[in-house]
Amino acid sequence: MDDHRRKIITNEIKYWKQNRMLPEHYCDFLLNLYTEGETEVELPQGKGPKGLTGLNSFILVGLLSLSVFLFYFTELSLFLQTAFIIFFGISTLSAALYMVKKSFFDLIPLLASALLLLITSVQAAEIIFPDYPGMLYIVAGLNCLLWITAGTRWKMVSFKLSGIIGLIVLLITIFI
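Rules behind the numbers
- All residue numbers here refer to positions counted from 1 along the written sequence of the relevant chain.
- Given that the model is predicted, a residue must reach a pLDDT of at least 70 before its local features are reported, and side-chain atom pairs must reach 80 or more before they are shown or counted; all residues, however, enter totals for whole chains, interfaces and linings.
- As a rule here, side-chain values come from all non-hydrogen atoms in the structure, and water together with hydrogens is ignored.
- Counting from the N terminus, the helices are the DSSP runs of H or I reaching at least four residues and the strands are the DSSP runs of E reaching at least two.
- Residues count as neighbours in contact if any of their non-hydrogen atoms are within 4.5 Å of one another.
- Any helix carries an expected span of 1.5 Å times its number of residues minus one.
- When accessible area is computed with a 1.4 Å probe and restricted to protein chains, residues below 20% of their type maximum are described as buried, those above 50% as exposed, and intermediate ones as partly exposed.
- To be clear, the arc concerns the directions from the helix axis to the C-beta atoms.

Engineer: Describe the environment of alanine 150, with residues and values.
Structural biologist: Tracing the backbone shows alanine 150 in helix H6 (residues 134-153). Sequence-distant contacts of alanine 150, defined by excluding residues within four places in its chain, comprise Lys155 and Phe159.

Next up, the structure:
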């Protein structure tokens, strides 16, 4: 077997081992078989994209809670609050779009972005249209439709379900 083909096979087996697609001892046996007993230096577990993704999710949840704190528990000027929310929103949204995958830790920035957009848009509707409480219903409905659209586009059940439940609760609130 040529070296290129052997390298492809060993990389695939390492991927199986890292993602636990096969038991570890099977992967070790296959690696020993294809490398003929030669060992290669492996990266320690926890380093690489998964560790970075978990850290990014933790930071983004912290940014979300900081933005909620700035909105509701401080008496900053409207301009400063808006600047903070725009900064946190752009950073959260960019990280969320960067990490559109099917992992739980990758779902956290998307959920944080959706929640941040909801909080920001509701706050903006309250400030811009203080005499029209119906605008809050419209803004909440548009957020729910956005969640349904994002859930359909990215095939994420949690977003579809959140949007549908949000619309149902909104309709019950409006008509009761």
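Engineer: Talk me through helix H2 (residues 24-35); I want residue IDs and the actual numbers.
Structural biologist: Over its twelve residues, H2 runs 16 Å from end to end, which matches the ideal 16 Å to within 8%, given 1.5 Å per residue. Of all the positions in H2, only Cys27, Leu31 and Thr35 are classed as buried. Buried residues of H2, viewed axially, fall in a sector of 50 degrees; they line one side. The outward face of H2, more than 90 degrees from its buried face, is lined by the exposed residues His25 and Phe29. The inward-facing, buried residues of H2 abut helix H1 (3-18). Just past H2, the residue glutamate 36 takes up positive phi, approximately 55 degrees.

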